[in-house]
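Results of the structural survey
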Amino acid sequence: GALLCKVVESWLNLEDWENAKAAGTRAYRYDQLNWKTAFLTCRACEGLGDRCTAAAWAKKIACAKPEAPPEVVQELKAKKLLPVNYRPTPPIDIFAETENA
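I will try to describe carefully the structure that is included in this document. Residue numbers run consecutively from 1 along every chain, following the written order of its sequence. Totals for whole chains, interfaces and linings use every residue, but because this is a predicted model, local features are given only for residues with pLDDT of at least 70 and side-chain atom pairs only at 80 or more, for both listing and counting. Calculated side-chain values reflect all of the structure's heavy atoms, with hydrogen atoms and water omitted.

1. Some points on the packing of aromatic side chains
We apply this condition: Planes of paired rings set the category: under 30 degrees apart is stacked, over 60 is edge-to-face and the rest tilted, where pairs are Phe, Tyr or Trp rings (Trp by its six-membered ring) whose centres lie within 6.5 Å. Here a helix means four or more residues in a row that DSSP labels H or I, a strand means two or more in a row labelled E, and each is numbered from the N terminus. Each residue's exposure class comes from its accessible area (1.4 Å probe, protein chains only) as a fraction of the maximum for that residue type: buried when under 20%, exposed when over 50%, partly exposed otherwise. Sitting over a ring, as applied to charges here, requires NZ of Lys or CZ of Arg to be within 6 Å of the ring centre and within 35 degrees of the ring normal.
All told, the structure shown has two aromatic pairs when counted by the stated rule. Ring centres 5.1 Å apart and planes at 85° place the aromatic pair Tyr28 and Trp57 in the edge-to-face group. One end of the pair, Tyr28, is in helix α2 (residues 17-30); the other, Trp57, is in helix α4 (residues 51-60), with 29 residues separating them in the sequence. For the residue pair Tyr28 and Trp57, the accessibility class agrees, reading buried in each case. A centroid spacing of 6.2 Å and a plane angle of 50° characterise the contact between Trp35 and Phe39, whose relative ring orientation is tilted. Pair noted here: Trp35 and Phe39 are both in helix α3 (residues 35-47), with a separation of four residues, about one helical turn. Lying across the ring of Trp57, Lys60 places its NZ or CZ 5.1 Å from the centre.

Here you go:
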């Protein structure tokens, strides 16, 4: 996953949004819990001017494990790609919940 993120980052640095999006989509297929892949692909979609798809990618960050750093979440909120009341949504473990109650 890390190597694929590097590929996406280099396309983003070149402002080659199409290739960045394609590489990001591929990277995400390999590692769907990686917030960075979703974040980078979101940025590529923004570069393409496709806010709708960018927002969809931003939402995928919610399922990431480990969670995306707060500054990433803040950036996406600032760009209005995530709702202001956004919270990460880890898969709910019912059994863990009852033990902690």
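2. Focus on the packing of helix α1 (residues 2-13) against α3
Our working rule: Fitted lines through C-alpha atoms serve as axes, helices being fitted only where they are in contact, and the angles separating the N-to-C directions of these axes extend from 0 to 180 degrees. Angles below 35 degrees are treated as roughly parallel, those above 145 as roughly antiparallel, those between 65 and 115 as roughly perpendicular, and all remaining angles as oblique. Handedness of a helix crossing follows the sense of rotation of the near helix relative to the far helix, less than a right angle counterclockwise being left-handed and clockwise being right-handed. Contacts are residue-level and defined by heavy atoms, with any inter-residue pair within 4.5 Å sufficient. Residues are sorted three ways: Asp, Glu, Lys and Arg are charged, Ala, Val, Leu, Ile, Met, Phe, Trp, Tyr, Cys and Pro are nonpolar, and all the rest, Gly among them, are polar.
Two numbers describe how α1 lies on α3: the axes approach to 10 Å, and their chain directions differ by 20°. Taken together, the axis directions place α1 and α3 in an arrangement best described as roughly parallel. Judged by the twist between their axes, the crossing of α1 over α3 is left-handed. Residues Cys5, Val8, Glu9 and Leu12 of α1 form the contact with α3, whose participating residues are Lys36, Thr37, Leu40, Arg43 and Ala44. Class assignment for the residues of the contact of α1 with α3 results in five nonpolar, one polar and three charged.

3. Notes on unusual backbone geometry
Pro66 follows Lys65 through a cis peptide bond whose omega is -10°. Residue placement: Pro66 occurs in the loop between α4 and α5 (70-78). Despite not being glycine, Glu15 shows a phi value in the positive range, around 55°. Mapped onto the elements, Glu15 comes out in the loop between α1 and α2. The exposure class assigned to Glu15 is exposed, which follows from its relative accessible area of 56%.

4. Comments concerning the pattern of salt bridges
We count it as follows: Each reported salt bridge corresponds to a side-chain nitrogen of Lys or Arg within 4 Å of a carboxyl oxygen of Asp or Glu.
Tallied over the full model, the rule gives three salt bridges. For Glu9, the salt bridge is made with Lys36, and the minimal N-O distance between the two is 3.2 Å. Here the residue Glu9 occupies a position in helix α1, and Lys36 occupies one in helix α3, the gap between them amounting to 27 residues. Judged by its relative accessible area of 22%, Glu9 falls in the partly exposed class.

All we've got here are geometric facts, nothing functional implied.
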